[in-house]
Amino acid sequence: MTQMRPSSDIAYLCRALKAPSMARAVDRLAQRARQEEWSHEEFLAACLEREVAARQTNGGELRIKAARFPARKTIEDFDFSFQRSLHRDTLLHLGALDFVAGRDNVVFLGPPGTGKTHLAIGLGIRACQAGHRVAFATATDWVTRLAEAHTAGRLGDELTRLGRIPLLIVDEVGYIPFEAEAANLFFQLVSARYERASVIVTSNKPFSRWGEVFGDPVVAAAMIDRLVHHAEVVSLKGDSYRLKDRDLRRMPTDNTE
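These notes cover the structure that comes with them. (Residues numbered from 1 in each chain as written. Predicted model: local features only at pLDDT ≥ 70, side-chain atom pairs only at ≥ 80, totals over all residues. Heavy atoms only, no water.)

1. A few points about the overall build of the chain
- Within the chain one finds 11 helices and five strands.
- A globule of 257 residues ought to have a C-alpha radius of gyration of about 18 Å, yet the chain, at 25 Å, is considerably larger.
- When the backbone C-alpha atoms are referred to their principal axes, the chain occupies close to 90 × 55 × 40 Å.
- Evaluated residue by residue, the chain yields a buried proportion of 39% over its 257 residues.
- Of the contacts made within the chain by residues no fewer than 6 positions apart, 80% connect residues no fewer than 24 positions apart.
- Measuring between centres, the 35 positive side-chain charges of the chain sit 4 Å from its 33 negative side-chain charges. (Helix = DSSP H or I, 4+ residues; strand = E, 2+ residues; numbered from the N terminus. Rg over C-alpha atoms; globule rule 2.2 N^0.38 Å. Buried < 20%, exposed > 50% of the residue type's maximum accessible area, 1.4 Å probe, protein only. Contact = heavy atoms within 4.5 Å. Lys, Arg positive; Asp, Glu negative; His and termini not counted. Charge placed at Lys NZ, Arg CZ, Asp CG, Glu CD.)

See below:
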């Protein structure tokens, strides 16, 4: 009869299952199971829970890297004491990610430095950790990407591929005006995702000035209609957080005569 070697057998089986976290935890969990007199089912569940938790954490990190966020910012790090125009309940509601499940949108409007990008990234990271694929880029970068696909004759394929990503984040709409072709491409992106997948948009311009951004009030109106039909629109106010510790009254002295 073959002699049983539980420890080596478990190590081999964990390698075969590609479950390294369970392999590292099994001895400690087994000791606890003996001390607390767990059933076999309870011990097995504890081992599996450890591996699942590790895979979810690792998967979240991979999704965060794939999203290409420009920085790592979380909802928990947001400074409500500076940005008083945003209610905590609003952010907690958005942080539950019901808008992603409902294929709705979120739009953050406000002057530069009021936390729009921070909030967009924070929600994006929360979505990655919850198991959703996310892609982040500025409005200019998205248009460039679509223009390249259009030139290569694969715009439809690119929009279809992007449609499989549950959440796109479009940062900095309005900082640089779009030409007619770019505005049309951006409209197609918004239109393709309408009621199919979610978008988070940040903009320093109110909707009333999007006609200037896109060079055509009709195109802007159609885009806004699709964007906000199922959306949470959050208007942020106040001064720039990045300048809160700067004394702007102190101007450089010109000593030249």
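The rest of the description comes next.
2. Digging into the packing of aromatic side chains
- As enumerated under the stated definition, the model contains seven aromatic pairs in all.
- Ring geometry for Phe178 versus Phe186: centroids 5.8 Å apart, planes at 25°, classification stacked. In this pair, the class of Phe178 matches that of Phe186, namely buried.
- Through a chain of ring-to-ring contacts, the aromatic side chains of Phe178, Phe186, Phe207, Trp210 and Phe214 assemble into a single cluster. (Phe/Tyr/Trp six-rings, centres within 6.5 Å; stacked < 30°, edge-to-face > 60°.)

3. Structural notes on the nonpolar core
- By size, the foremost hydrophobic cluster in this structure holds 32 residues, and its most contacted members are Trp142, Val170, Val173, Phe178, Phe186, Trp210 and Phe214.
- Here Val173 is in contact with Ala139, Phe186, Val201, Thr202, Ser203, Asn204, Trp210, Val213 and Phe214, once residues within four sequence places are set aside.
- Grouped together as the second largest cluster of nonpolar side chains are 28 residues, Leu97, Val100, Leu119 and Val234 included. (Core = buried A, V, L, I, M, F, W, Y, C linked by side-chain atoms within 4.5 Å.)

4. Some details on the packing of helix 7 (residues 139-151) against helix 9 (residues 180-193)
- For the pair helix 7 and helix 9, the least separation of the axes is 9 Å and the interaxial angle reads 95°. Comparing the axis directions of helix 7 and helix 9 gives the class roughly perpendicular. Across the interface between the two elements, Ala139, Trp142, Val143, Leu146, Ala147 and His150 of helix 7 pack against Glu181, Ala182, Leu185, Phe186 and Leu189 of helix 9.
- Among the residues making up the contact of helix 7 with helix 9, the classes are represented as nine nonpolar, one polar and one charged. (Axes fitted to C-alpha atoms, helices over the stretch in contact; angles between N-to-C directions. Parallel < 35°, antiparallel > 145°, perpendicular 65-115°, else oblique. Nonpolar A, V, L, I, M, F, W, Y, C, P; charged D, E, K, R; others polar.)

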